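# Coordinate analysis (summary)
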Amino acid sequence: MTALVFIIFFVALFLSIPVAISLGFATALPGLLDSAFKGNLQFIYRSLISGLDVTTILAIPLFMLSGSIMAKGGLSEKLFDVFAVFIGKVKGGMPCAVIVTCLFYGAISGSGTATCAAVGAMCIPVLTNLGYEKKFSAALVATASSLGVIIPPSIPFIAYALVTEVSVSALFTAGILPGILIALCLMAYTQFYCRTKGEDREKIEASYHRLKNRGVLHVILDGFWALLTPIIILGGIYSGIVTPTEAACVSVFYAIIVCLFIYKTVTFKELLVFFRQAVSSYAPLGLMMGLAQAFAKVLVLMNAPQSLAEFLSTAVNDRIAFLLLLNLVLILIGMVMDVAPAMMILSPMILPFAKSLGIDGIHLGVIMVCNLAIGFVTPPFGLNLFISGPMIDTNPMQVGKRALPFILSYLVALLLITYVPQISMLLL
């Protein structure tokens, strides 16, 4: 029965049926096939509602709202200017400044797609005007934007915490060094590319001098409020002043104050549009998350976690082999599923067996998010490819091919994160 449920679910995904509908049908299927099964429609309704009736989940739409306000407010441009004025002159400096911008913007939005949309809209034209290849520029932004779900505050970390009862704050802390490591690996390939393919130094020097002529101090002060955003959000959480949900609420008010009154890049009328967009964007995600929790509970009734544990105990007999198999499976799943629903479905099934092998629940959460984040740039459903591709009027799959070297750099970092748990656990 369990195998049939998963087969139907993934077939529905490959047929391009919306994830929520595919998930809902897979959740209801066991009850439809067996009237005596406890996971009937009433059980599913109760599980869905109880799964969403959690204060922590409010952090997700609030971070989405603040991220959209800051995207309109032009914070990505101000962040890029700050980093470009420091490293833009060195070889490969401008593309590396884009990666650092994605890293910092991820600490504002908590979303990979929001980071890709905000940073890509500003940085891809900048890179192409400086002479960099269009597909390279789009692939760079698409891959680096996946840092948005690894660097805190991360929406998938919140989803993982909801179903595993792991501390959200601890997950946020654990994601800092892995996010930085991935960024460094992407920057290493970028440096290699720029040194082997060459750059239009004349254009780059001219752009850098135009930026520097504004005054380094002026650029820093102009980007001060943008740079302060992750410090306020994460500082509030780690100091214990606010919970992650309260920090999300603070981020909304901060975004409104900065963009409305300081930068004056957003109007009161536009705020209403952002509120409507936040609700419409969160509604399908909220439904998926509720159904994911109901699906997880139905799988427990079907003894799926125990069956998976028995299978894994016979297929792999040590920690190293299990982690390698887990990485391969998660990368494949990330190609067809969004990160948050995948986390909520798979985490309760994998965590018990992982703990039996001595893998910490926080480390497992970091491994899962880092793996599934690769799905943002892997065909056929890499969301960031469908965002960055149209920005250069190119087929998203062409951008996906160009992103392969970036993905390989990402995988190097992933192996280190997987087998060196201290990278995730050092700051805890």
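A brief report on the enclosed structure follows.

So, how was this worked out
- In this numbering scheme, every chain counts its residues from 1 along its sequence in written order.
- Per-residue local features of the predicted model are confined to residues with pLDDT of at least 70, and side-chain atom pairs are confined, for both listing and counting, to 80 or more; whole-chain, interface and lining totals are unaffected and use all residues.
- As a rule here, side-chain values come from all non-hydrogen atoms in the structure, and water together with hydrogens is ignored.
- Helix and strand labels come from DSSP, where a helix needs a run of H or I of at least four residues and a strand needs a run of E of at least two; each type is numbered from the N terminus.
- The buried label goes to any residue with under 20% of its type's maximum accessible area, the exposed label to any with over 50%, and the partly exposed label to all in between, with areas taken from a 1.4 Å probe on protein chains only.
- Note on contacts: a residue pair qualifies if any of its non-hydrogen atoms lie within 4.5 Å across the two residues.
- Definitions used for this entry: grid spacing 1 Å over protein atoms alone; cavity, a set of points where a 1.4 Å probe fits but cannot get out; pocket, an open set with protein on both sides within 12 Å along at least 5 of 7 lines; lining residue, one with an atom within 4 Å of a point.
- Grid points are joined across faces, edges and corners, and a volume is the space filled by probe spheres set on the points.
- Gly counts as polar in this scheme, as do all residues outside two lists: the nonpolar Ala, Val, Leu, Ile, Met, Phe, Trp, Tyr, Cys and Pro, and the charged Asp, Glu, Lys and Arg.

Moving on to the environment of Leu-428. Residue position: Leu-428 is located in the segment after α24 (422-425). Residue Leu-428 is classed as partly exposed on the basis of its relative accessible area of 47%. In this structure, the C-alpha to C-alpha distance between Leu-428 and Leu-217, residues 211 residues apart in sequence, is 35 Å. Residues contacting Leu-428, with those up to four places away along its chain left out, are Ala-170, Thr-173, Ala-174 and Ile-362.

Right, let's get into unusual backbone geometry. In terms of backbone geometry, most residues other than glycine have negative phi values and most peptide bonds are trans. Cis geometry is adopted by the peptide bond preceding Pro-153, which originates at Pro-152 and carries an omega value of 0°. In this structure, Pro-153 sits in the loop between α8 (134-144) and α9 (155-164). Positive phi values are uncommon outside glycine, yet Lys-264 reaches one of about 55°. Here Lys-264 shows up in the loop between α15 (244-262) and α16 (268-301). Here Asp-393, not a glycine, exhibits a phi torsion of approximately 55°, which is positive.

With that settled, the discussion passes to the layout of surface pockets. Here the largest pocket defines a volume of roughly 980 Å³. Where the lining of the largest pocket is concerned, the elements lending two or more residues are α4 (59-72), α6 (93-109), α7 (112-129), α9, α16, α19 (339-356) and α21 (383-391). It is α16 that provides the largest number of residues to the lining of the largest pocket, a total of seven residues. Here the residues of the lining of the largest pocket are counted per class, giving 29 nonpolar, 12 polar and one charged. As a volume, the second largest pocket reaches approximately 430 Å³. Forming the boundary of the second largest pocket are 20 residues, of which Leu-308, Val-329, Leu-346, Met-349 and Ile-350 lie nearest the centre. Where the lining of the second largest pocket is concerned, the elements lending two or more residues are α1 (2-14), α17 (304-315), α18 (319-334) and α19.

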